[in-house]
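Descriptive analysis of the structure
Each chain, written out:
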Amino acid sequence: MAQVILSNFTLFADEKEIQKWRLFCTRPRGSNFRVLLVKLRDGNVEMKSKVYKIATEIMTGTGENLFNYIADCLAEFKKEQGLEGKDLPLGFTFSFPCRQNGLNSASLVTWTKGFSATGVVDQDVAKLLSEACKRRNVNLDIIAVVNDTTGTLMSCAHADSNCYVGLIIGTGTNACYMEALDEVELWNGDKGEPKQTIINMEWGAFGDDGSIEDIRTDFDRELDKITLNQGKQLYEKMISGMYLGEISRQAILKLAKEKLLFNGVVSAELQKPWAFESKFLTDIEKDVSTDGLVCREILRQLNCRDTMEDVTVVRAICSAVSTRAAKLVTAGLAAVIKKMGRKTLTIGVDGSLYKYHPRFHPLMDTFTRELVPEARVKYMLSEDGSGKGAALIAAVAVRLTGK
Ligand code: GLC
């Protein structure tokens, strides 16, 4: 039996937490991270997990506070599981762009998704977590640091050996895939068998060099202005859960200001950045009734006095924003599928937007058939895949090193 405790710093939203929406925030609400206890026995995976909230103040404060907080949560989790004092191996899913120095060492390149904790960029995040654990007397041995895409690919490949791509569509978006070493010009690691490696594409940053300017809209530009990382992660900002609600709000606001919605009355609530959460968009799209009661209720909370036509227009905006996101993700995947040249392929997926949005998966299926008709592609949802995968990696490493 391998027992792995895992701090999964993946930022997908927990359903219960989302239900406590704070409506009129002027910045996106905090984030979550998940701690998992994973037991592997005869190929079966047994998990216990707990979600911890990260307040915006911690996301944007000092790195020391952020890692202390994670260490505190790990301590609490170990205590609750009766594992106090036990020295456990840890796989750390750190869902941000990193320079991978080794299996258990990765330096943060830049923060994304509303984080800006100081003193972390260019630092080894495994070391920072390990120091915080020492400060808090938590016995943990960090065996592996992995990106959430890699974790997802690993956990899905464990179940389906035809899985070669890991995809996240949650607060942020990113993908990784298996690549032959000969194709990796920058590879200066070991060249032995198996001659392949996982490439974390960090595709959220696609377009930061201006290459997608022709498809960005004024709404995308207005959204970018109110983010911490202006001009960065432009592809991600057109696709992922952190941003879709705000893009929709920008469009609704413009139509209201042009007197094409709500009789031209622009409520104070509607004018607040981030007031229209991506959860609203998902809920509006889930409601297939003709009268659009859910949309009506959300508009009421935003103090927008709507007519039936207004509801129809707002629903159409939500639908257009999510359809565009699904098209953009699939376009990225189509490029990867073509590059890999496989006839059949499984793509492992994790992330709240993919999981909770009612049309995302069907839309991706349709667009995939249009863009790569020559390939048979299967999308495989992996619940907690990013965390489970990191645990699997840590467990294998422990077995190999005999620690
Ligand atoms: C952001 C991060 C990336 C992560 C993705 C999904 O794009 O930069 O590392 O994989 O979000 O969580």
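What counts and how
Numbers given to residues run from 1 along each chain, matching the order in which its sequence is written. This being a predicted model, a pLDDT of at least 70 is required before a residue's local features are given, and a value of 80 or more before pairs of side-chain atoms are given or counted; all residues contribute to the totals for chains, interfaces and linings. As a rule here, side-chain values cover all heavy atoms of the structure and leave hydrogens and water aside. The criterion for a residue being near a molecule or strand is simple. One of its heavy atoms has to lie within 4 Å of it. Between N or O atoms, a polar contact is any pair within 3.5 Å; within protein, one atom must be a potential hydrogen donor and the other a potential acceptor, and residues adjacent in sequence are included only when both atoms are from side chains. Any residue outside Ala, Val, Leu, Ile, Met, Phe, Trp, Tyr, Cys, Pro, Asp, Glu, Lys and Arg is labelled polar, Gly included; the first ten of those are nonpolar and the last four are charged. UniProt positions are given in the numbering used here, feature names are shortened, and annotations may be inferred rather than shown by experiment. Helix and strand definitions here come from DSSP, where helices need a minimum of 4 consecutive H or I residues and strands a minimum of 2 consecutive E residues; each element is numbered from the N-terminal end. Here a salt bridge means any side-chain nitrogen of Lys or Arg lying within 4 Å of a carboxyl oxygen belonging to Asp or Glu. In this scheme, a residue with accessible area under 20% of its type's maximum is buried, one over 50% is exposed, and one in between is partly exposed, where area comes from a 1.4 Å probe on protein chains only. This arc corresponds to the set of directions leading from the helix axis out to the C-beta atoms. Whether two residues are in contact is decided by their heavy atoms: any pair within 4.5 Å suffices. Here the expected span of a helix is defined as 1.5 Å times the quantity of residues minus one. In this description, a nonpolar core means a group of buried Ala, Val, Leu, Ile, Met, Phe, Trp, Tyr and Cys residues linked to one another through side-chain atoms lying within 4.5 Å. Criterion used throughout: strands pair if DSSP finds at least two bridges between them. Comment: axis = line fitted to C-alpha atoms, over the contacting stretch for helices; angle = value between 0 and 180 degrees taken between N-to-C directions. Roughly parallel refers to an angle under 35 degrees, roughly antiparallel to one over 145, roughly perpendicular to one between 65 and 115, and oblique to any angle outside these ranges. Put simply, a crossing is left-handed when the front helix is turned counterclockwise from the back one by less than a right angle, and right-handed when it is turned clockwise.

Quick word on the site of the ligand
Near the ligand lie 14 residues; those nearest to it are K113, N147, D148, E202 and E236. Between the ligand and F96 there is a distance of 3.4 Å, counted from an oxygen atom to a backbone nitrogen or oxygen. Taking T173, its main chain carries an N or O atom lying 3.3 Å from an oxygen atom of the ligand. Here the residues of the shell around the ligand sort into 3 nonpolar, 7 polar and 4 charged.

Let's talk about the UniProt feature "domain: Hexokinase N-terminal" (unreviewed entry) in the chain
When the UniProt feature table is mapped onto this chain numbering, "domain: Hexokinase N-terminal" (unreviewed entry) sits at residues 30-157. This span, residues 30-157, is 34% helix and 35% strand, and a straight line between its end C-alpha atoms measures 31 Å.

Some details on the pattern of salt bridges
Here the structure, examined in full by the defined rule, presents 21 salt bridges. Here K339 and E179 are joined by a salt bridge, their closest N and O atoms 2.8 Å apart. Pair noted here: K339 is in helix 11 (residues 308-340) and E179 is in strand 9 (residues 173-180), with a separation of 160 residues, a long-range link. On the accessibility criterion, E179 (9% relative accessible area) is buried. As a salt-bridge pair, K355 and E383 come within 3.3 Å of each other at their nearest N and O atoms. One end of the pair, K355, is in helix 12 (residues 352-356); the other, E383, is in the loop between strand 12 (376-381) and helix 14 (385-401), with 28 residues separating them in the sequence. Overall, K355 belongs to the partly exposed group, its relative accessible area being 21%. Through salt bridges with shared partners, one network takes in E213, R216, D218 and R221.

Here's the deal with helix 10 (residues 293-301)
All of the buried residues along helix 10 are C295, I298 and L299. Each buried residue of helix 10 sits inside an arc of 100 degrees when the element is viewed along its axis, so together they form one side. Turned more than 90 degrees from where helix 10 packs its buried face, L293 and R300 sit exposed. Buried-residue contacts for helix 10 involve helix 9 (278-286) and helix 11. N303, located one to two residues past helix 10, shows a positive phi value of around 60 degrees.

Brief notes about the UniProt feature "domain: Hexokinase C-terminal" (unreviewed entry) in the chain
Cross-referencing UniProt, the feature "domain: Hexokinase C-terminal" (unreviewed entry) maps to residues 165-396 in the present numbering. Note that residues 165-396 is 47% helix and 13% strand, and that its end C-alpha atoms are spaced 20 Å apart.

With respect to helix 13 (residues 360-371)
A rise of 1.5 Å per residue sets the reference length of helix 13, with its 12 residues, at 16 Å; its end C-alpha atoms lie 16 Å apart and thus fit the reference within 8%. If you check which residues of helix 13 are buried, you get F360, L363, M364, F367 and T368. Here the buried residues of helix 13 occupy an arc of 135 degrees about the axis, which is enough to place them on one side. Where the residues of helix 13 are buried, they touch strand 8 (163-169), helix 11, helix 12 and strand 12.

Let's talk about the pairing of strand 4 (residues 88-94)
Among the 7 residues that make up strand 4, 7 are buried, leaving the element largely enclosed by the rest of the structure. Of the two faces of strand 4, both are covered, the one formed by L88, L90, F92 and F94 as well as the one formed by P89, G91 and T93.

Regarding the environment of F77
Here F77 is to be found in helix 3 (residues 63-80). We classify F77 as buried; its relative accessible area is 1%. Residues F77 and D220 lie 143 residues apart in sequence; the distance between their C-alpha atoms is 40 Å.

So, the nonpolar core
One finds L167, I169, L333, I347 and M364 to be the most contacted residues of the largest nonpolar core, which totals 67 residues. A total of 14 residues in this core trace back to one element, the largest contributor, which is helix 11. Leaving out residues up to four positions away in the same chain, M364 has contacts with L167, I169, A326, V329, T330, L333, Y354 and Y379. By size, the runner-up hydrophobic cluster in this structure holds 35 residues, among which are I54, L108, A117 and C133.

What to know about the side chain of D124
By secondary structure assignment, the location of D124 is in the loop between strand 6 (105-108) and helix 4 (125-135). There is a polar contact of 3.3 Å between the side chain of D124 and the backbone nitrogen of A106. Setting aside anything within four residues of it in sequence, one finds D124 in contact with N104, S105, A106 and S107.

Details of the sheet that holds strand 11 (residues 344-350)
Strand order in the open sheet made by the 5 strands is 10-9-8-11-12, with mixed pairing throughout. In this open sheet, the two edge strands, each paired with only one partner strand, are strand 10 (196-200) and strand 12. Adjacent strand axes in the sheet meet at a mean angle of 20 degrees when their direction is disregarded. For strand 8 and strand 9, the ladder comprises 5 bridges, and the chain directions are antiparallel. Counterpart to I169 in the pairing with strand 9 is T173. Contacts between helix 5 (residues 148-159) and the sheet are confined to strand 8, strand 9, strand 10, strand 11 and strand 12, with strand 8 contributing the most and set at about 135 degrees to the helix.

Focus on the packing of helix 11 against helix 13
It is the contact of helix 11 with helix 13, at a shortest axis distance of 9 Å, that shows an interaxial angle of 45 degrees. One finds that helix 11 runs oblique with respect to helix 13. Pair helix 11 / helix 13 crosses with right-handed handedness. Counting all contacts with helix 11, which are made through S322, T323, A325, A326, K327, V329, T330, A331, L333, A334, I337 and K338, the residues of helix 13 involved are F360, L363, M364, F367, T368 and L371. Of the residues belonging to the contact of helix 11 with helix 13, the class tally is 12 nonpolar, 4 polar and 2 charged.

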